[in-house]
Amino acid sequence: MQASAYKARQAQKALKKYKNIPLTEAEIRTKIHETGYKTYPRPEGIPSNYIVEISDKGAGIKYMHPKDCGTSIRVMPGKAHSPFPYQRQPYVTVKRKSKNIDKFGNEVHFKSPKAHIPLLEFSLRNIE
Amino acid sequence: MINNEIKINSLLGLLEVVKGISDLNYQIRVWIQGVGPECDDFDETVNNFVDFEECIKERYKEYEMTVKQRDIYIKFRDLFREFADDNDFVLDFDAEKWQIIMDLAKEVLKAFDDHPYVVEARKAGQLPWENRKDF
């Protein structure tokens, strides 16, 4: 637990300097790997013109619609020190019209466990 | 120009994040003890804040903010984002600075209490932080 929290903090420190620097997805993955975190394949179906960024917290990758600020997909690694089972495994959050949606495309509250979709259960096809 | 639905969703979402930041009991119950029903922690709070902020930034007039609302919001945002960069809330954090941010969060909520989106949502009984959600 403590080791997981320490790793997260070290990653945060290392990644914060890349926040406002435009990087390619490959470069972002390299920077995250350097912190000891894994990255996961880009979810199938995300258009190639989406803007890719390092998530503000948690060493994840965020994909943003280039014109619609209310639409984004965040792929997060699990963190063993989370008190929530949903966050101990890799998960995805999806915002559409600035509302979170579950794995079936239904609107859910952003603090709902259903807003944290296990990566293995996530498919863009199911939510469109 | 962004549509009204996105403007309302993003501002109310952001204010709900701010509500969590203002509430120490919530942080102890949810962020630290992991007692639900909410699934939330400091990292998710920061990420959600940034997600909602994505639409709001620099669009204060479009969001019908008064000068007072805009100014307190910007002050809060800058302080919170700076704190988020340097603190993790799990191993250690600057408690003194966090108290300032919690107090400022309360001021933001007070300033936005008469914002048209908040007033309308309250009238409809849909103000998220006043109507507990079934998670």
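Quick note: structure is the one above.
What about the interface of chain A and chain B?
Think of interface size as the accessible area that goes away when the parts come together; that is how it is often given. Contacts between chain A and chain B engage 29 residues on the former and 28 residues on the latter. Counting only elements with at least two residues in the side of chain A that touches chain B, the list comes to α1 (2–15) and β3 (72–76) of chain A. The greatest single-element share of the side of chain A that touches chain B, amounting to five residues, is contributed by α1 of chain A. In terms of residue class, the side of chain A that touches chain B is made up of nine nonpolar, eleven polar and nine charged.

A look at the nonpolar core
The biggest cluster of nonpolar side chains holds 32 residues, and the ones touching the most others in it are Leu 14, Leu 15, Val 18, Phe 49, Phe 76, Ala 105 and Val 108 of chain B. Sorting the residues of this core by element identifies α1 (4–22), α2 (24–32), α3 (42–56), α4 (67–86) and α5 (95–111) of chain B as the ones contributing at least two each. Setting aside its immediate chain neighbours within four residues, Leu 14 of chain B contacts Phe 49, Phe 52, Glu 53 and Ile 56 of chain B. Listed in part, the 18 residues of the second largest apolar core include Ala 8, Ile 54, Val 75 and Val 92 of chain A.

Observations concerning unusual backbone geometry
Comment: phi is negative for the bulk of residues other than glycine, and the bulk of peptide bonds are trans. Residue and element names in this part refer to chain B. For Glu 58, which is not glycine, the phi dihedral falls at a positive 65 degrees. Mapping Glu 58 onto the fold places it in the loop between α3 and α4. Despite not being glycine, Glu 64 has its phi angle at roughly 60 degrees, a positive value.

Section: the pairing of β3 of chain A
Within a regular strand, the side chains alternate between the two sheet faces. Residues and elements named next belong to chain A. By the criterion of burial, β3 is predominantly enclosed, with five of the five residues buried. Burial of the side chains of β3 extends over both faces: Ser 72, Arg 74 and Met 76 are buried on one face and Ile 73 and Val 75 on the other. In this sheet, β3 lies alongside strand β2 (residues 61–64) in antiparallel orientation, the contact comprising four bridges. If you follow Tyr 63 over to β3, its bridge partner there is Ile 73. Where β3 lies against strand β4 (residues 91–96), five bridges are found, and the strand directions are antiparallel. Each residue of the ladder has a partner; that of Ile 73, found in β4, is Val 94.

Criteria and thresholds
- Every chain is numbered on its own, with residues counted from 1 as its sequence reads.
- Written order determines the labels here, with chains lettered from A and ligands numbered from 1.
- Reporting of local features is limited, given that this is a predicted model, to residues whose pLDDT is at least 70; pairs of side-chain atoms are given and counted only at 80 or more, and all residues count toward the totals for whole chains, interfaces and linings.
- Throughout, a residue-residue contact means that the two C-beta atoms, derived from backbone geometry, are no farther apart than 7 Å.
- Think of it this way: any DSSP run of H or I at least four residues long counts as a helix, any run of E at least two long counts as a strand, and we number them from the N terminus.
- Residue type decides the class: Asp, Glu, Lys and Arg count as charged, Ala, Val, Leu, Ile, Met, Phe, Trp, Tyr, Cys and Pro as nonpolar, and the leftover types, Gly among them, as polar.
- Linking buried Ala, Val, Leu, Ile, Met, Phe, Trp, Tyr and Cys residues through C-beta atoms within 7 Å yields a set, and such a set is a nonpolar core.
- For every residue, the other C-beta atoms within 10 Å of its own C-beta are counted; 20 or more classify it as buried, 12 or fewer as exposed, and values in between as partly exposed. C-beta atoms are placed from the backbone.
- Pairing between strands is defined by DSSP: at least two bridges between them are needed.

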